[in-house]
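# Fold and geometry: a report
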Amino acid sequence: MKADVFIGGGGIGGLTLALKLVRRGIVVVLAERMAMKAPTYKGELLQPKSMQIFDKLGLYEKIRSHSNEINVLDMLELSSSLQVKDRAFMDYSVLPGKYNAAYMMHHEELKSVILNTACEFENFHYLIGTVCKGYGENTALLQKGTEKFEVEAKFFFGAEGRSSVTRKAIEIEVKQTTYNHHFLTVTFPRAEDFTDGKIISTYNRFLGLFPLPDNQVRSVYLIPPGDYKQLKEKPISHFHKLYTDLAPAVDGYVQQLTDWKKIQLMIPVMYHANSYVKSNKAIIGDACHAVHPMAGEGMNMAIQDADILGELTADMFEQDKKDSTNLTWYERVRYKRADHVIQLSHLAALAYSFPFKPVSYLRQRTFDRLEEDRILHFKQMLNVSGLGMWKENVHDRFIQGGIMPVRMKDLTKDTKKLKYYTSDEDYPWKTEGLK
Ligand SMILES: Cc1cc2nc3c(=O)[nH]c(=O)nc-3n(C[C@H](O)[C@H](O)[C@H](O)COP(=O)(O)OP(=O)(O)OC[C@H]3O[C@@H](n4cnc5c(N)ncnc54)[C@H](O)[C@@H]3O)c2cc1C
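Note that the structure is a prediction, hence the values are computed from the model and not measured.

## Side note on the domain arrangement of the chain
We note that the domain assignment places domain 1 (5-64 + 105-177 + 270-343), domain 2 (68-102 + 356-423) and domain 3 (182-224 + 226-266) within the chain. Using C-alpha coordinates to define each centre, domain 2 is positioned 25 Å away from domain 3. With 19 residues of domain 2 in contact, the opposing surface of domain 3 contributes 16 residues. For the pair domain 2 and domain 3, the summed buried surface comes to about 1,400 Å²; carbon and sulfur atoms form 54% of the total. At the junction of domain 2 with domain 3, the criterion picks out 1 salt bridge. The salt bridge involving K198 is made with D74; its shortest N-O contact spans 3.2 Å. Counting across the interface, domain 2 meets domain 3 through 13 residue pairs in polar contact (both at pLDDT 80 or more). Looking at the side of domain 2 that touches domain 3, the elements with two or more residues in it are β4 (68-70), β5 (72-78) and α10 (357-372). For the side of domain 2 that touches domain 3, the residue count by class is 8 nonpolar, 5 polar and 6 charged.

## Comments concerning the sheet that holds strand β1 (residues 5-8)
Pairing within the open sheet is mixed, and its 6 strands lie in the order β8-β2-β1-β12-β21-β20. Strands with a single pairing partner mark the edges of an open sheet, and in this sheet they are β8 (124-128) and β20 (277-278). Note that β20 and strand β21 (residues 281-283) share 2 bridges and pair antiparallel. Across the sheet, the residue bridging to V277 is A282, located in β21. Seen against the sheet, helix α1 (residues 12-23) touches β1, β2 (28-32), β8 and β12 (155-158) and runs at an angle of roughly 165° to β2.

## A few points about the pattern of salt bridges
Tallying each qualifying case throughout the model produces 27 salt bridges. Between E311 and R24 there is a salt bridge, and its shortest N-O distance comes to 3.4 Å. Pair noted here: E311 is in helix α8 (residues 298-318) and R24 is in the loop between α1 and β2, with a separation of 287 residues, a long-range link. Among the residues examined, E311 registers a relative accessible area of 12% and is labelled buried. Taking relative accessible area as the criterion, R24 reaches 27% and is therefore assigned partly exposed. In this structure, D245 engages R205 in a salt bridge whose closest nitrogen and oxygen atoms are separated by 3.5 Å. Taken as a pair, D245 in helix α7 (residues 236-246) and R205 in strand β16 (residues 205-212) lie far apart in primary sequence, 40 residues in all.

## Section: the UniProt feature "domain: FAD-binding" (unreviewed entry) in the chain
According to UniProt, the "domain: FAD-binding" (unreviewed entry) feature falls on residues 3-344. With 29% helix and 31% strand, residues 3-344 has its two end C-alpha atoms placed 38 Å apart.

## Some details on a nonpolar patch on the surface
On the surface, a cluster of nonpolar side chains totalling about 360 Å² of accessible area is made up of L347, L350, F354 and F356. Along the chain, L347 turns up in helix α9 (residues 328-351). Residue classification places L347 among the partly exposed positions, given a relative accessible area of 49%.

## Considering the nonpolar core
One finds I7 and Y330 to be the most contacted residues of the largest nonpolar core, which totals 99 residues. Residue contributions to this core peak at 10 residues, all from α8. Beyond its immediate stretch of four places on either side in the chain, Y330 contacts Y276, V277, A282, I283, I284, C288, D305, I308, L309 and L312. The next biggest cluster of nonpolar side chains, apart from the first, holds 26 residues, and it includes F188, L207, V217 and L231.

## Here we look at the packing of helix α2 (residues 48-56) against α8
At their nearest, the axes of α2 and α8 sit 9 Å apart, and the two run at 40° to each other. Accordingly, the angle class assigned to the pair α2 and α8 is oblique. The handedness of the crossing between α2 and α8 is left-handed. Judged by residue contacts, K49, S50, I53, F54 and K56 of α2 engage N300, I303, Q304 and D307 from α8.

## Some points on α8
For α8, spanning 21 residues, the distance from its first C-alpha to its last is 30 Å, which sits close to the expected 30 Å at 1.5 Å a residue. In terms of residue burial, α8 counts as a mostly covered element, since 19 of its 21 residues are buried. Of the residues flanking the end of α8, it is D320, one or two places downstream, whose phi is positive at about 50°.

## Here we look at the side chain of R205
On the basis of relative accessibility, which here comes to 18%, the residue R205 falls in the buried class. Of the polar contacts made by the side chain of R205, one reaches the backbone oxygen of L242; its length is 3.0 Å. Setting aside its immediate chain neighbours within four residues, R205 contacts I200, Y221, K241, L242, D245 and L246.

## Some points on the packing of aromatic side chains
Scanning the entire structure with this criterion turns up 18 aromatic pairs. Aromatic pair F6 and Y135: ring centres 6.4 Å apart, planes at 80°, arrangement edge-to-face. With F6 in strand β1 and Y135 in strand β9 (residues 131-136), this pair connects stretches of sequence that are 129 residues apart. We classify F6 as buried; its relative accessible area is 0%. One aromatic cluster in this structure is built from F188, Y221, F239, Y243 and W260. Its end group placed over the ring of Y60, K98 keeps NZ or CZ at 4.4 Å from the ring centre.

## Looking at the site of the ligand
Taken together, 30 residues are adjacent to the ligand, and G13, E32, K42, G43 and D286 come closest. In the model, an oxygen atom of the ligand is placed 2.9 Å from a nitrogen or oxygen of the G13 main chain. Between the ligand and R33, the relevant distance is 3.1 Å, taken from a nitrogen atom to a main-chain nitrogen or oxygen of the residue. Surface burial for the ligand is 88%, taken as the share of its 990 Å² of free accessible area covered by protein chains. Of all elements in the fold, only α1, β2, β9 and α8 reach the threshold of two or more residues within the shell around the ligand. The element contributing the most residues to the shell around the ligand is α8, with 3 residues. For the shell around the ligand, the residue count by class is 11 nonpolar, 11 polar and 8 charged.

Cut-offs applied
- Residues numbered from 1 in each chain as written.
- Predicted model: local features only at pLDDT ≥ 70, side-chain atom pairs only at ≥ 80, totals over all residues.
- Heavy atoms only, no water.
- Domains from an automatic or database assignment.
- Contact = heavy atoms within 4.5 Å.
- Buried area = accessible area lost by both parts, 1.4 Å probe.
- Salt bridge = Lys/Arg side-chain N within 4 Å of Asp/Glu carboxyl O.
- Polar contact = N/O pair within 3.5 Å; in protein donor to acceptor, adjacent residues only side chain to side chain.
- Helix = DSSP H or I, 4+ residues; strand = E, 2+ residues; numbered from the N terminus.
- Nonpolar A, V, L, I, M, F, W, Y, C, P; charged D, E, K, R; others polar.
- Pairing = 2+ DSSP bridges.
- Axes fitted to C-alpha atoms, helices over the stretch in contact; angles between N-to-C directions.
- Buried < 20%, exposed > 50% of the residue type's maximum accessible area, 1.4 Å probe, protein only.
- UniProt positions renumbered as here; feature names shortened; annotations may be inferred.
- Patch = residues over 30% accessible without salt bridge, like charges linked within 9 Å, V, L, I, M, F, W, Y side chains within 5 Å.
- Areas by Shrake-Rupley, 256 points an atom, 1.4 Å probe, with all protein chains shown as cover.
- Core = buried A, V, L, I, M, F, W, Y, C linked by side-chain atoms within 4.5 Å.
- Parallel < 35°, antiparallel > 145°, perpendicular 65-115°, else oblique.
- Left-handed = near helix turned anticlockwise from the far one by under 90°.
- Expected span 1.5 Å × (residues − 1).
- Phe/Tyr/Trp six-rings, centres within 6.5 Å; stacked < 30°, edge-to-face > 60°.
- Lys NZ or Arg CZ within 6 Å of the ring centre and 35° of its normal.
- Near = heavy atom within 4 Å.

Structure follows, in structure tokens:
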């Protein structure tokens, strides 16, 4: 079997990359080891930059119609007696332009939408239930059941997630950081009018609620490592109470979960490969970076990698400039952006990692300042959205720490838009030229 590009892994990253390429006439073979839908929960929050990318792929309206739109994240800090002590909002509408909301969509449904669209192209070959075992000389070594076969290609892209065989084949190591907490995660029914995201914390507890379409809500509840096994031995009513204590709005809904089977354990990790590219191979998504889920960025990073690598590879074929060294453009664009998001997610995780009252107080003050200071609020939402990157400076930190007063003056829409990545910043080789 022959192709222009071989992709290992049909998660969101691999499928988005495949769609980008097949739309531009590239012959793609994608091997996905799972023969059925994955039973585990994965990322479901689509940030504005991902919506912009899907808009260019013609999927914006379809995704919107299968999603729940999130305009604000409501951050509640509760007292020990579970009374609301403080409230702040993270508001996507501070982002000017069309992409000023996040969207929650079921992970497997999003995969189906991208896959079905890619399958409309004759130049797309999807090998389901097929494992990529490694690489030979310009071939991917595949196995389906007991049958072994090879795919010859010009480029090989690994999108196999955390256990990437492509990453191993190109000898790129990752050093994993773990956290002092785990999460319970589960989806259950919600009230129809509960449509925005909620993050509810006390000094030693955390619950995130992210409404999905079909009146469902995805939840994450922080637990100490090792507690999952003991918790599962308790009656399910114990789990219901953990939720209803913090979020009375889920009372009457969370009880529709009647056993522990659907409640999964999520272990957050963080890593960043020191390189994404070697020769004619590259890795994207969780194959090259993992982020703490607190900021809802993991899947978005995979989509953003796929956009840059897909555009670059399609340009290389279109201009007949297939020198592998061109692939380093992908790493040059994505590495620093990914690194910033990893740090952002890590900081967000730390804000909830330590069960002490002074930490809760600091967190509360930081979020209040973030909401009140118009520039800080915009910076935060811009960085989370993926539409641009504007790092916080010492002045910002002083404002957050209460050492300097908040800035009441807002930025104009035009000034804000200047902070968005331009097409030249996303795709610099288009002006600087390929080899
Ligand atoms: C349990 C879990 C929960 C998560 N929850 C959240 C969350 O709540 N919020 C958030 O932002 N992020 C979350 N994430 C992270 C987010 O889902 C990922 O960042 C995102 O899915 C990455 O997409 P990907 O395409 O790079 O990898 P994946 O989604 O992991 O896809 C990789 C695909 O490759 C296939 N594959 C693997 N090896 C091979 C092989 N050798 N041959 C062929 N196919 C192969 C796999 O079957 C899979 O389909 C979670 C991740 C996990 C693992």
